[in-house]
Each structure stands twice: as structure tokens, then as C-alpha cells.
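Notes for the structure review
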Amino acid sequence: MDAIGLSGAEWLAVLRIGLGLWWLESWRHKDKKGWFERGTGIAWAADVAGKHRWNAVRSGFDVVVAPRPRTMAYLVVYAELALGLGLVLGLLTPVALVGGLLLNLLYLTLMIHDWAEQGQNAMMALISLVALFAMSWQTWSLDHAIGLF
């Protein structure tokens, strides 16, 4: 593979690290006090799910998220932090890539009517797929340094 400036594997590592920084920014800009103390994030998601045109989204939210809003708030917020750190550091990278892909697909499905969010989630999911199948942890990662994967 020909590449400019860096090797192909190094460009894939740049892509992986950039995705990790994107997840870290998602975590950083969240109003954690609002999410954890006032339940703003889950309340917003409940409103979106309640109006969703797909019954599976409404009923799935009611069964999985609604009964445990506080737990789900912590899960979402700290999942974004864990994904970001895992991808930037290259630690358990395939796990982080699959987890991020699934989270983006959940966000994409929940916010199917919000065109502004669709592009971000679709692009993050695509980057996750490319980074996963190209094994982007082969360069500039703790996984590579300690011989994982």
C-alpha cells in the first residue's frame, strides 16, 4: 500500500486515535451533573424514544432504560470515556471498536429523525468498522506493545 507521509498502518492508527478523541470530546462536553443528579440525558432520550415511530425502540427503551435511569446515565457517560481512552491508548482496541460501533448504532437508531446527529453517528460507525477490519491496533497501541490481539 502506498501512502503519503506515514505508512498505511500508521494512517489507520491516526484514524483510530481520532475516533478515540471524538469519544473523549463526547464525554468531556456532557453536563455530568445534569446527567447524574437531574437525569437530563436519560430524560431527553426517554422523550425521543417515546415519540419514536418504531415500536421496538419505544418498548425496548421502556424495558431496558426506563426502569434504571441512574444506572443507564452512568453507563452511557462512562462508556464514552472508556471508548475514548481505549482507542487513543490502543488498549483492548477491538473491544472498544465493537463497543463504539454498537453504541453509535444505538444512538443512530434512537435518533433516526435527527438529521444533525445522523451524520456524526454514521461516520463514527464507519470509522469503527474500518479500524476494526484493518486491525488498526497494529501500530501505536498498547495492545501491540504488550502483544494482545
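Before reading further, recall that the structure is shown in the block above.
Basis of the calculations
- Residues numbered from 1 in each chain as written.
- Predicted model: local features only at pLDDT ≥ 70, side-chain atom pairs only at ≥ 80, totals over all residues.
- Heavy atoms only, no water.
- Core = buried A, V, L, I, M, F, W, Y, C linked by side-chain atoms within 4.5 Å.
- Buried < 20%, exposed > 50% of the residue type's maximum accessible area, 1.4 Å probe, protein only.
- Helix = DSSP H or I, 4+ residues; strand = E, 2+ residues; numbered from the N terminus.
- Contact = heavy atoms within 4.5 Å.
- Phe/Tyr/Trp six-rings, centres within 6.5 Å; stacked < 30°, edge-to-face > 60°.

Our next topic: the nonpolar core. One finds L19, W23, W35, I42 and L97 to be the most contacted residues of the largest nonpolar core, which totals 27 residues. Elements with a contribution of two residues or more to this core: helix 1 (8-28), helix 2 (32-38), helix 3 (40-50), helix 4 (55-64), helix 5 (69-89), helix 6 (93-110) and helix 7 (115-133). A total of six residues in this core trace back to one element, the largest contributor, which is helix 5. For I42, the contacting residues outside a window of four places in its chain are W35, F61, V65, P69, M72 and A73.

Here we take up the packing of aromatic side chains. Per the counting criterion, the structure on display carries five aromatic pairs. Look at F36 and Y78: their rings are 5.7 Å apart centre to centre, the planes differ by 15 degrees, and that puts the pair in the stacked class. Of the two residues, F36 sits in helix 2 while Y78 sits in helix 5, which places them 42 residues apart along the sequence. Owing to a relative accessible area of 39%, Y78 belongs among the partly exposed residues under this scheme. Ring centres of Y74 and Y78 lie 6.1 Å apart, and the angle between their planes is 15 degrees; this geometry places the pair in the stacked category. Pair noted here: Y74 and Y78 are both in helix 5, with a separation of four residues, about one helical turn. Judged by relative accessible area, Y74 falls into the partly exposed class, the value being 31%.

The quantities given are spatial measurements derived from coordinates; they are silent on function.
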